[in-house]
Amino acid sequence: MDLEARSLQPNVKAVLLAKLREYKSDLNNLKSEHNRLASANSNQAARDDLLESGMADAMSVSANQRGRLMMSTERLNESSDRIKESRRTMLETEELGVSILQELHQQRQSLLHANDTNK
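Residues numbered from 1 in each chain as written. Predicted model: local features only at pLDDT ≥ 70, side-chain atom pairs only at ≥ 80, totals over all residues. Heavy atoms only, no water.

Topic: the overall build of the protein
Our working definition: The numbering of helices and of strands both runs from the N terminus, where a helix is a DSSP run of H or I of at least 4 residues and a strand a run of E of at least 2. Throughout, exposure labels follow a simple rule: accessible area from a 1.4 Å probe, protein chains only, divided by the maximum for the residue type, with under 20% read as buried, over 50% as exposed, and the rest as partly exposed. Residue-level accessible areas treat just the shown protein chains as cover; the underlying method is Shrake-Rupley with a 1.4 Å probe.
The helix and strand inventory of the protein stands at 2 helices and 0 strands. A total of 119 residues make up the protein; the buried ones form 3% of that total. In the form shown here, the protein has an accessible surface area of approximately 10,900 Å², with 57% of it arising from carbon and sulfur atoms.

Notes on the pattern of salt bridges
Condition: Criterion for a salt bridge: a side-chain nitrogen of Lys or Arg within 4 Å of a carboxyl oxygen of Asp or Glu.
One pass over the structure, following the stated rule, counts 2 salt bridges. A salt bridge links Arg88 to Glu85, with the nearest nitrogen and oxygen atoms 2.3 Å apart. With Arg88 and Glu85 both in helix H2 (residues 10-118) and 3 residues apart, the pair spans about one turn of that helix. Classification of Arg88 by relative accessible area gives partly exposed; the value is 39%.

Concerning a nonpolar patch on the surface
Where we set the bar: Residues with no salt bridge and a relative accessible area higher than 30% make up the patches, which join like charges within 9 Å and nonpolar side chains (Val, Leu, Ile, Met, Phe, Trp, Tyr) within 5 Å.
A contiguous nonpolar patch, built from Leu96, Ile100, Leu101 and Leu104 and spanning about 410 Å² of accessible area, is present on the exposed surface. In this structure, Leu96 sits in helix H2. A relative accessible area of 52% places Leu96 in the exposed class.

See the structure below:
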């Protein structure tokens, strides 16, 4: 277009070249606006990808933490059950020990009484 406008008569040539410069300026403005918007969209897409990736990582970490928490809770419950069972066994053993000591005391008293009657 530029070459065609230069080859025309001088009075038409000046008007066409001015319009041509205006059109080129508009085209450059539109290109820069397009690039700016494309860059913003690209940045937004990259940001969205990063956030989605971060959310996936957070979900994975959260699931991992939940699993570890459940495993720890289960171990704690098992330990509590073992402690309760040990306490029950200890109480039974103590009761048996007291019973044995009482029986031994009675046998001692019987032996002492029998010894006193033999004298």
